[in-house]
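Secondary and tertiary structure notes
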Amino acid sequence: MALTPQDIARVANLARLELRPDETEHTLAQLNGFFALVEQMEAVNTEGVEPLAHPAAVIGEVALRLREDVASEPNQREASQVSAPAVENGLFLVPKVIE
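The notes below deal with the structure included here. Everything numeric here is computed off the predicted structure, so don't read it as measured data.

Along the backbone of the protein there are 3 helices and 2 strands. Along the chain direction, N to C, the helices and strands of the protein fall in the order α-α-α-β-β. Counting only C-alpha atoms, the protein reaches 60 × 50 × 30 Å along its principal axes. For the protein, the residues scored as buried account for 8% of the 99 residues in total. In the protein, 28% of the contacts between residues at least 6 apart in sequence involve partners at least 24 apart. Looking at the protein as shown, the accessible area adds up to about 9,600 Å², and 57% of this sits on carbon and sulfur atoms. Here the protein contributes 7 positively and 16 negatively charged side chains, and the mean placements of these two sets differ by 8 Å.

Put into structure tokens, the structure is as follows:
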């Protein structure tokens, strides 16, 4: 499935994008390259292949090594709020913008 410059112009219009002619040609080449890759992948016979929940599942049960969940940075709330125009109970106060 090859796209044409008219297809790119239509998609750009629907997305409310304004593309220069050189951008249109570049986008056309990228999208046609993407569709060519999809066609190559569709040609692969996957009959009888079970889907994987995780790529590591292909090598069997893998115990993931997780790091300890500990704070590695000191609390700098007060230092961060020094330049704020308004702070209350450790929270930034901002003007109401929605009625």
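Moving on from the model shown.
The next subject is the side chain of Thr24. Along the chain, Thr24 turns up in helix α2 (residues 21-42). A relative accessible area of 16% means that Thr24 is categorised as buried. Not counting residues within four places of it along the chain, the set of residues in contact with Thr24 comprises Pro5, Ile8 and Leu19.

For the rest of this paragraph, the subject is the environment of Glu39. Position of Glu39 among the secondary structure elements: in helix α2. Distance from Glu39 to Ala12, taken between C-alpha atoms, is 24 Å for residues 27 residues apart in sequence.

The phi dihedral of Arg16 is positive, around 60°, even though this residue is not glycine. Structurally, Arg16 can be placed in the loop between α1 (5-14) and α2. Unlike most non-glycine residues, Asn89 shows phi in positive territory, near 55°. Looking at the secondary structure, you find Asn89 in the loop between β1 (87-88) and β2 (91-92). By relative accessible area, Asn89 is classed as exposed at 72%.

Attention now moves to the side chain of Gln81. Assignment of secondary structure puts Gln81 in helix α3 (residues 77-81). Leave out the neighbours within four places in its chain, and Gln81 touches Val87, Gly90, Leu91 and Phe92.

For the rest of this paragraph, the subject is the pattern of salt bridges. Tallying each qualifying case throughout the model produces 2 salt bridges. The residue Arg20 makes a salt bridge to Asp22 at a minimum N-O spacing of 3.3 Å. Take Asp22: its relative accessible area is 48%, and that puts it in the partly exposed class. We note a salt bridge from Arg20 to Glu23, for which the minimum N-O separation is 3.4 Å. Under the relative-accessibility criterion, Glu23 is labelled partly exposed at 26%.

Rules used in this analysis
Residues numbered from 1 in each chain as written. Predicted model: local features only at pLDDT ≥ 70, side-chain atom pairs only at ≥ 80, totals over all residues. Heavy atoms only, no water. Helix = DSSP H or I, 4+ residues; strand = E, 2+ residues; numbered from the N terminus. Buried < 20%, exposed > 50% of the residue type's maximum accessible area, 1.4 Å probe, protein only. Contact = heavy atoms within 4.5 Å. Areas by Shrake-Rupley, 256 points an atom, 1.4 Å probe, with all protein chains shown as cover. Lys, Arg positive; Asp, Glu negative; His and termini not counted. Charge placed at Lys NZ, Arg CZ, Asp CG, Glu CD. Salt bridge = Lys/Arg side-chain N within 4 Å of Asp/Glu carboxyl O.

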